[in-house]
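Here's the letter readout for the chains.
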Amino acid sequence: MQANPTRGFLWSDVETRTLLNIWGEQDIQTALDGNFRNSFVYRDVARRLGAMGFERTPEQCRVRIKSLKRQYLLAKEGNLRNNGQYHKICKFYDIMEGILSNRPVLDPQEFIDGGAGGEEAVDGLEEDGEDAHDAYSESTGECPYPAETEVKLEYPTIPIPVPVKVTVGNSSTSVRPHNSCQSGSSLPARPPKRPRKRRANFPMEKLMEQFLEQSTQAEDSFYRMEEQRLQAEDRRRAAEHTRELQMLQMLGQMFSSISSTGPSSAATPSKTSPAAHAPSLSSVSPSCTRGQSSHVKRSSPQTDCLTQQNQLFDSVPQGLVLERFYSLGATSHRGMEDDFISQVKRTVPSLTSKKHKGQDGRIGIIGGCQDYTGAPYFAAISALKVGADLSHVFCTKDAATVIKSYSPELIVHPVLDSPNAVEEIEKWLPRLHGLVVGPGLGREDLLLKTAKEVIEKSKTRDIPIVIDADGLWLVTQQPSVIQGYQKGILTPNYMEFTRLYEALYHEPMDSSDHQRSVMQLSVAMGNLTLVLKGEQDLITDGSKVISCSVEGSGRRCGGQGDLLSGSMGVLAHWAYSASAAGTVKSVNPSMVAAFGACSLTRQCNRQAFQKHGRSTTTTDMIQEIGSAFKKLFES
Ligand SMILES: NC(=O)C1=CN([C@@H]2O[C@H](COP(=O)(O)OP(=O)(O)OC[C@H]3O[C@@H](n4cnc5c(N)ncnc54)[C@H](OP(=O)(O)O)[C@@H]3O)[C@@H](O)[C@H]2O)[C@@H](O)CC1
Ligand SMILES: Nc1ncnc2c1ncn2[C@@H]1O[C@H](COP(=O)(O)OP(=O)(O)OP(=O)(O)O)[C@@H](O)[C@H]1O
């Protein structure tokens, strides 16, 4: 698809988030700060965006980033943070803050004046003073704003309801609504340049709020329309993609039936060619998880995916499938797994006699009700076995005695269904390093409400939060409870994933392309780290997908997900501590923790299965945590 140069301002939220993701990546930021020509950097940004399915020119990316920076600075400068107004001005404030707070201080004037500075210059497109003004208008569809207000926002060329009237001293200035501004040849004459000192007398903040509110409304309605259009386009593309795959599969079947009737059928000739250059098929499965087979009649669930995958790889020219896979920016080869394992190793705290109890982690589990007592126990004991010093369970009254009876190691609080549950749990939050919400929580409104409030309070304390099981049910009802919280990790199984996807996108996910779906969902959740559990665990933070395919076994007993979430709670605490201490760099700590916990769970499964075979239970797996951990992360 060709990038459309006339669509400069038409950026959907998802597209913008994806752009910010890419732009915020360490290597891009370093390149922008360093000696590279920015034109090269934005070319790379555009290429990566293209790989995610959004075709944009480098210039469009650059202008969009510049505009976002401007909005961010206006919001920041406008001192609107306290009353929460800043989000109206800059929807992506939190993401920008996350990225820009790690960068050298920005000069707000640089963006307000529209002058080119550092990162802004691009070969042949340098912006400077007034020229920058025009270049900006043309490529974004935004109109120049009277110079004395110094407000430049990105918004589409649709009517803004009421022109804002502004009084400066004795003179009154009518701020022209945006639709008066046409792109290209019909651009109005540029307003006369005013001396800068007049700006000081202007009632800037009030005007800015008023104007921005109106333009944001107009922008919102425009984006809604645009979103609908993009969704329709996505549906069309998905249908096309499915048709393509079906045709290729039919072709493959035709070829194999021809060759199997031929004289050399015993050598399965249809397979020889693709298999010869198939790069580690076991770790490259763009579409298969256990869940997908629920749509397919299956005789042997454990081999189902492999069979489907092999059929596809056998019948379809390899390049087609792999190209699509890699074009999504996904990496899943062995080297990537090794990299992540060594990152996890770096986060593991050393065991020294200088430490006191609690320093290696105090983890809280929110869950446990009359029906489910096993799940919170599994999660809490796994946290301890991985290496946390203390593990707390906050459960209902009737679950508490049962959970206590499983293990004297756990600290059990029977508070979840008490009238002042939130206050009771909040008392403990200052002492907790990680929270796991959901194992055995149940779906009663009252308990979900308590869980929601505890999540809100934990966010203000910057505690890493893993959400699993019924906690994901809550997120499906109210995604905003965790949306955009960078220390949040969601761990859905296939069922939980589809529910969440449909809640956010209002349409079924593309079950032929899980890589893309996890990425989309993560972006829609504000770049939350997401683990789609299955034959391979797919882990993403919206910028890339890594897959964990450490060998497990075919045994799928209930509770493995609880082992995963409990251990992830500890590893998340360790990863964020290591990141703060500079021990791990240039990598999202949540991704490291997620990868570590997935590898560990699978390794436990494998070891337990070697001993117990079909009778393996989660308790057997928990007994393997010590040796599995040592094998993976301490060898
Ligand atoms: N010992 C205990 O106390 C334990 C308690 N637990 C606690 O139970 C609570 C509810 O959790 P949950 O597991 O029943 O709900 P959920 O995951 O929505 O499954 C519902 C249905 O979805 C399906 N399904 C599931 N996975 C799928 C897949 N990959 N691919 C395709 N389909 C899949 C499957 O449907 P089926 O195939 O049976 O028709 C399944 O029955 C929660 O609090 C949890 O923590 C557990 O931790 C276990 C140990
Ligand atoms: N088909 C599979 N092959 C290998 N490992 C798997 C497979 N499915 C899941 N796993 C492993 O088991 C772990 C738990 O995933 P699972 O899908 O069982 O979660 P869950 O349904 O939430 O568990 P729970 O029973 O605790 O609710 C995952 O991290 C993954 O590593």
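Everything quoted here is computed from the prediction, not taken from an experiment.

Caption draft 1: Region of the structure containing the confidence of the model for the protein chain. Per-residue pLDDT for the protein chain has a mean of 75; in total, 68% of the residues score no lower than 70. Here residues 110–198 is a poorly scored stretch, pLDDT under 50, and it has 177 contacts once near neighbours within four places are set aside; other chains count. For the stretch residues 259–332, pLDDT sits under 50, and the model shows 110 contacts to residues farther than four places along the chain or on other chains. Two summary scores accompany this predicted model of the complex, namely pTM at 0.60 and ipTM at 0.92.

Caption draft 2: Quick look at unusual backbone geometry. Phi is positive for D462, close to 65°, though the residue is something other than glycine. Mapped onto the secondary structure, D462 falls in the loop between helix 17 (445–460) and strand 7 (465–467). Unlike most non-glycine residues, A469 shows phi in positive territory, near 45°. Mapped onto the fold, A469 is located in helix 18 (residues 469–477).

Caption draft 3: Geometry of the site of ligand 2. Taken together, 13 residues form the shell around ligand 2, and within it N493, K533, D537, G559 and G561 come nearest. One of the side-chain nitrogen or oxygen atoms of D537 is found 2.7 Å away from an oxygen atom of ligand 2. In this structure, an oxygen atom belonging to ligand 2 sits 2.9 Å away from a main-chain N or O atom of G561. In isolation ligand 2 exposes 620 Å². Once the protein is present, 84% of that is buried. It is helix 21 (residues 560–580) that provides the largest number of residues to the shell around ligand 2, a total of four residues. Per-class residue counts for the shell around ligand 2 are one nonpolar, six polar and six charged.

Caption draft 4: Inspection of the pairing of strand 9 (residues 529–532) at higher detail. Neither face of strand 9 is open: one carries T529 and V531, the other L530 and L532, and all of them are buried. Inspection of the sheet shows strand 8 (residues 488–490) paired to strand 9 by two bridges, in the parallel sense. Paired with I489 across the bridge in strand 9 is T529. Relative to strand 10 (residues 537–540), strand 9 runs antiparallel, the two being bridged by three bridges. Note that in strand 10 the partner of L532 across the bridge is L538. The hairpin formed by strand 9 and strand 10 contains four residues between the paired strands.

Caption draft 5: Summary view of the sheet that holds strand 10. Strands sit in the order 5-4-3-6-7-8-9-10-11 across an open sheet of nine strands; the sheet is mixed. Edge positions in the open sheet fall to strand 5 (411–414) and strand 11 (545–548), since each of these has one partner strand only. In this sheet, neighbouring strand axes are inclined to one another by 20° on average, regardless of whether the strands run parallel or antiparallel. Across four bridges, the pairing between strand 10 and strand 11 is antiparallel. Bridge pairing in strand 11 links D537 to C548.

Caption draft 6: Structural detail: the nonpolar core. Among the nonpolar cores identified, the biggest contains 78 residues, and W23, I366, I482 and L490 are the most heavily contacted of them. Tallying contributions element by element places helix 4 (residues 58–77) first for this core, with seven residues. Setting aside residues no more than four positions away along its own chain, L490 makes contact with I467, L472, V475, I482, L500, M525, L528, T529, L530 and V531. Within the second largest apolar cluster, 59 residues are counted, among which are F378, M568, W574 and V584.

Caption draft 7: Geometry of the side chain of T476. By the secondary structure assignment, T476 is in helix 18. Within the structure, the side chain of T476 is placed 2.8 Å from the backbone oxygen of L472, a separation counted as a polar contact. Not counting the four nearest positions on each side in its chain, T476 is found in contact with R499, L500 and A503.

Caption draft 8: Fine view of the site of ligand 1. Around ligand 1, the structure places 20 residues, and the nearest of them are A375, G440, D470, N493 and D562. Here an oxygen atom of ligand 1 and a side-chain polar atom of E496 are 3.4 Å apart. Between an oxygen atom of ligand 1 and a side-chain N or O atom of R499, the distance comes to 3.1 Å. In isolation ligand 1 offers 910 Å² of accessible surface; the protein chains occlude 60% of this area. Listing elements by their share of the shell around ligand 1, those giving two or more residues are helix 14 (374–386), helix 18 and helix 19 (494–505). Examining the composition of the shell around ligand 1, we find that four residues originate from one element, helix 19, more than from any other. Its residues assigned to classes, the shell around ligand 1 shows eight nonpolar, six polar and six charged.

Caption draft 9: Looking closely at the packing of helix 13 (residues 334–347) against helix 22 (residues 589–612). Running from N to C, helix 13 and helix 22 cross one another at 105°; their axes reach a closest spacing of 9 Å. If you check the angle between helix 13 and helix 22, you find them roughly perpendicular. Residue-level inspection shows E337, F340, I341, Q343, V344 and T347 of helix 13 in contact with helix 22, the latter providing M591, V592, F595, G596 and S599. Split into classes, the residues belonging to the contact of helix 13 with helix 22 amount to six nonpolar, four polar and one charged.

Caption draft 10: The arrangement of helix 20 (residues 514–524) in detail. Among the 11 residues of helix 20, nine are classified as buried, and the element is accordingly described as predominantly covered. The set of residues buried in helix 20 consists of H514, Q515, S517, V518, M519, L521, S522, V523 and A524. Positioned one or two residues after helix 20, G526 has a phi angle of 80°, which is positive.

Rules used throughout
Residues numbered from 1 in each chain as written. Chains lettered and ligands numbered in written order. Predicted model: local features only at pLDDT ≥ 70, side-chain atom pairs only at ≥ 80, totals over all residues. Heavy atoms only, no water. pLDDT = per-residue confidence, 0-100. Contact = heavy atoms within 4.5 Å. Helix = DSSP H or I, 4+ residues; strand = E, 2+ residues; numbered from the N terminus. Near = heavy atom within 4 Å. Polar contact = N/O pair within 3.5 Å; in protein donor to acceptor, adjacent residues only side chain to side chain. Areas by Shrake-Rupley, 256 points an atom, 1.4 Å probe, with all protein chains shown as cover. Nonpolar A, V, L, I, M, F, W, Y, C, P; charged D, E, K, R; others polar. Buried < 20%, exposed > 50% of the residue type's maximum accessible area, 1.4 Å probe, protein only. Pairing = 2+ DSSP bridges. Axes fitted to C-alpha atoms, helices over the stretch in contact; angles between N-to-C directions. Core = buried A, V, L, I, M, F, W, Y, C linked by side-chain atoms within 4.5 Å. Parallel < 35°, antiparallel > 145°, perpendicular 65-115°, else oblique.

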